[in-house]
Amino acid sequence: MPKNTTHQSWVELARCRGAEDDLFPEGKQQKRAAAICMGCPVRQECLIEALDNRLEWGIWGGLTERERRALLRQHPHVTSWAEVLDPERPAKAS
């Protein structure tokens, strides 16, 4: 499978790069882990990745699992979170 260069580039810029284990806490520790995301230059790309792919575990884009599930339930019609969160972004080629 070819690497997704767009995905690869935002991941390399993430503040949490190298701290993956810290981003999969349980309970009250989730809010502390989400603080890593504040001020991250690719926070939006990270959140889009998690929502579009329905990632269930860990902190993504500063949101906990519960926060992402609530957002997905509130907006079940959304198929591309990039279009919602970043409408100026060019659409993906199908």
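The preceding data block contains the structure.
Below is a short write-up of the structure. These figures come from a predicted structure and were not determined experimentally. (Residues numbered from 1 in each chain as written. Predicted model: local features only at pLDDT ≥ 70, side-chain atom pairs only at ≥ 80, totals over all residues. Heavy atoms only, no water.)

Our next topic: empty space enclosed by the protein. Following the criterion strictly, the structure yields 1 cavity of 30 Å³ or more and no others. Taken as a whole, the largest cavity encloses approximately 60 Å³ of empty space. For the lining of the largest cavity, the class distribution of residues is 7 nonpolar, 2 polar and 1 charged. (1 Å grid on protein atoms, 1.4 Å probe; cavity = no way out; pocket = protein on both sides within 12 Å on 5 of 7 lines; lining within 4 Å. Points joined across faces, edges and corners; volume = space filled by probe spheres on them. Nonpolar A, V, L, I, M, F, W, Y, C, P; charged D, E, K, R; others polar.)

As for its position among the elements, Arg68 is in helix 4 (residues 65-74). At 5.6 Å, Glu65 is the nearest oppositely charged side chain to Arg68, a buried residue that forms no salt bridge. Setting aside residues up to four positions removed in sequence, Arg68 forms contacts with Leu47, Ala50, Leu51, Leu55, Glu56, Trp57, Gly58, Ile59, Trp60 and Leu63. (Helix = DSSP H or I, 4+ residues; strand = E, 2+ residues; numbered from the N terminus. Buried < 20%, exposed > 50% of the residue type's maximum accessible area, 1.4 Å probe, protein only. Lys, Arg positive; Asp, Glu negative; His and termini not counted. Salt bridge = Lys/Arg side-chain N within 4 Å of Asp/Glu carboxyl O. Contact = heavy atoms within 4.5 Å.)

Moving on to the nonpolar core. Among the nonpolar cores identified, the biggest contains 13 residues, and Trp10, Ala14, Leu23, Val42, Ile59 and Trp60 are the most heavily contacted of them. Every element with two or more residues in this core is listed here: helix 2 (29-34) and helix 3 (43-52). Leaving out residues up to four positions away in the same chain, Leu23 has contacts with Cys16, Ala33, Ile36, Gly58 and Ile59. Ranked by size, the runner-up nonpolar core spans 6 residues in total, among them Leu47, Leu51, Leu72 and Val78. (Core = buried A, V, L, I, M, F, W, Y, C linked by side-chain atoms within 4.5 Å.)

Our focus in this paragraph is the packing of helix 3 against helix 4. The geometry of helix 3 relative to helix 4 is characterised by a closest axis approach of 11 Å and an angle of 65° between their N-to-C directions. When the axes of helix 3 and helix 4 are compared, the pair comes out roughly perpendicular. Considering only the axes of helix 3 and helix 4, their crossing is right-handed. Touching Leu47, Ala50 and Leu51 of helix 3 are Arg68, Leu71 and Leu72, all from helix 4. Taken together, the residues that form the contact of helix 3 with helix 4 break down as 5 nonpolar, no polar and 1 charged. (Axes fitted to C-alpha atoms, helices over the stretch in contact; angles between N-to-C directions. Parallel < 35°, antiparallel > 145°, perpendicular 65-115°, else oblique. Left-handed = near helix turned anticlockwise from the far one by under 90°.)

Glancing now at the environment of Thr79. Along the chain, the position of Thr79 falls in the loop between helix 4 and helix 5 (81-85). Residue classification places Thr79 among the exposed positions, given a relative accessible area of 72%. In sequence terms Thr79 and Asn53 are 26 residues apart; their C-alpha atoms lie 9.8 Å from each other.

What follows is about unusual backbone geometry. Residues other than glycine seldom take positive phi values, yet Arg54 does so here, at roughly 50°. The residue Arg54 is located in the loop between helix 3 and helix 4 in this model. Residue Arg54 is classed as partly exposed on the basis of its relative accessible area of 40%.

Inspection of every chain in the model, using the stated rule, returns 0 disulfides. Cysteine Cys37 is unpaired, with the sulfur of Cys46 as its nearest cysteine sulfur at 6.0 Å. Judged by relative accessible area, Cys37 falls into the buried class, the value being 7%. The thiol sulfur of Cys40 is not disulfide-bonded, and the nearest other cysteine sulfur, from Cys16, lies at 6.2 Å. According to the relative accessible area criterion, Cys40 is buried, its value standing at 14%. (Disulfide = S-S within 2.5 Å.)

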